[in-house]
Amino acid sequence: EIYTLSLHDALPISTRLDFENLLAFRVALRRFQRWSGDQADAAGLTHVQHQLLVAIKGHPGAKPPSIGQIADYLLLQSHSAVGLVDRAEAAGFVRRRPDADGARVARIALTEAGDRLVTGLTEVNLAEMHKLAAALGALIPHLTTAGRAR
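I will try to describe carefully the structure that is included in this document. (Residues numbered from 1 in each chain as written. Predicted model: local features only at pLDDT ≥ 70, side-chain atom pairs only at ≥ 80, totals over all residues. Heavy atoms only, no water.)

**A closer look at the overall build of the protein chain**
Let me state the cut-off plainly: Strands here mean DSSP runs of E at least two residues long; helices mean DSSP runs of H or I at least four residues long; both are numbered from the N terminus. When a residue's accessible area, from a 1.4 Å probe over protein chains only, is under 20% of the maximum for its type it is buried; when over 50% it is exposed; and in between it is partly exposed. In what follows, a contact means two residues having at least one pair of non-hydrogen atoms within 4.5 Å. Computed with a 1.4 Å probe, the accessible areas rest on the Shrake-Rupley method; for each residue, only the protein chains presented here act as cover.
Within the protein chain, the secondary structure is distributed over six helices and two strands. Ordered by position from the N terminus, the helices and strands of the protein chain form the series α-α-α-α-α-β-β-α. By residue count, 27% of the 150 residues in the protein chain fall in the buried class. Taking all contacts inside the protein chain whose residues are at least 6 apart in sequence as the whole, residues at least 24 apart take part in 52%. Accessible surface, the protein chain as shown: approximately 10,500 Å² in total, 59% of it carbon and sulfur.

**What to know about the side chain of Ser66**
Note that Ser66 resides in the loop between helix H3 (47-58) and helix H4 (67-74). When residues no more than four places from it in sequence are discounted, the contact partners of Ser66 are Val105, Ala106 and Arg107.

**A few points about the packing of H3 against H4**
Stated formally: Fitted lines through C-alpha atoms serve as axes, helices being fitted only where they are in contact, and the angles separating the N-to-C directions of these axes extend from 0 to 180 degrees. By the definition adopted for this analysis, an angle is roughly parallel if under 35 degrees, roughly antiparallel if over 145, roughly perpendicular if from 65 to 115, and oblique otherwise. Handedness of a helix crossing follows the sense of rotation of the near helix relative to the far helix, less than a right angle counterclockwise being left-handed and clockwise being right-handed.
The N-to-C vectors of H3 and H4 enclose an angle of 120°; their axes lie 10 Å apart at closest approach. On the basis of the axis angle, H3 is oblique to H4. Handedness of the H3/H4 crossing: right-handed. Each of Gln51, Leu52, Ala55 and Ile56 in H3 lies in contact with H4, whose residues at this interface are Ile70, Tyr73 and Leu74.

**Thoughts on the environment of Leu74**
Within the secondary structure, Leu74 sits in helix H4. On the basis of relative accessibility, which here comes to 16%, the residue Leu74 falls in the buried class. Between the C-alpha atoms of Leu74 and Ala55, which are 19 residues apart in sequence, the distance is 7.7 Å. Excluding anything up to four places from it in sequence, Leu74 contacts Gln51, Leu52, Ala55 and Leu84.

**Observations concerning the nonpolar core**
Where we set the bar: Buried Ala, Val, Leu, Ile, Met, Phe, Trp, Tyr and Cys residues that are joined via side-chain atoms within 4.5 Å together make up what is termed a nonpolar core.
Formed by 20 residues in total, the largest nonpolar core has its most connected members in Leu52, Leu53, Ile56, Ile70, Val85, Val94 and Ile108. With sequence-adjacent residues up to four places away left out, Ile70 is seen in contact with Leu52, Ile56, Pro65, Ala81, Val85 and Ile108.

By themselves these figures say nothing about function.
Written as structure tokens, this is what we have:
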């Protein structure tokens, strides 16, 4: 027998405080995104180019990411990631390299200029993220043994 759990079965009834905390969380995230976008703009990048550089720099493993991996990281369609990489390459932030294991795959690496930009932006973003984490932590009430916020 297959048992399905509805959303109403899975979660207790939300309280007004839950909604207030959810609103505060979403506002804090949006403020951080706006602030981060402003920092990228001041450095001469669009917010999406900044996200691209972070995706490349933060990619795990020995090889730089492929276009497909970048698309996955940024929640983009592959053709949109290609256009983003094209523009970043024209601006001198990234370069394409053929993959040694497959000629059809291009790996995207940071240039020195791109690396300098993302490193500088990451330093200020991390400092702001620590402030955001502290503010968000204050929104989460202590959990009960059932895992539900009081």
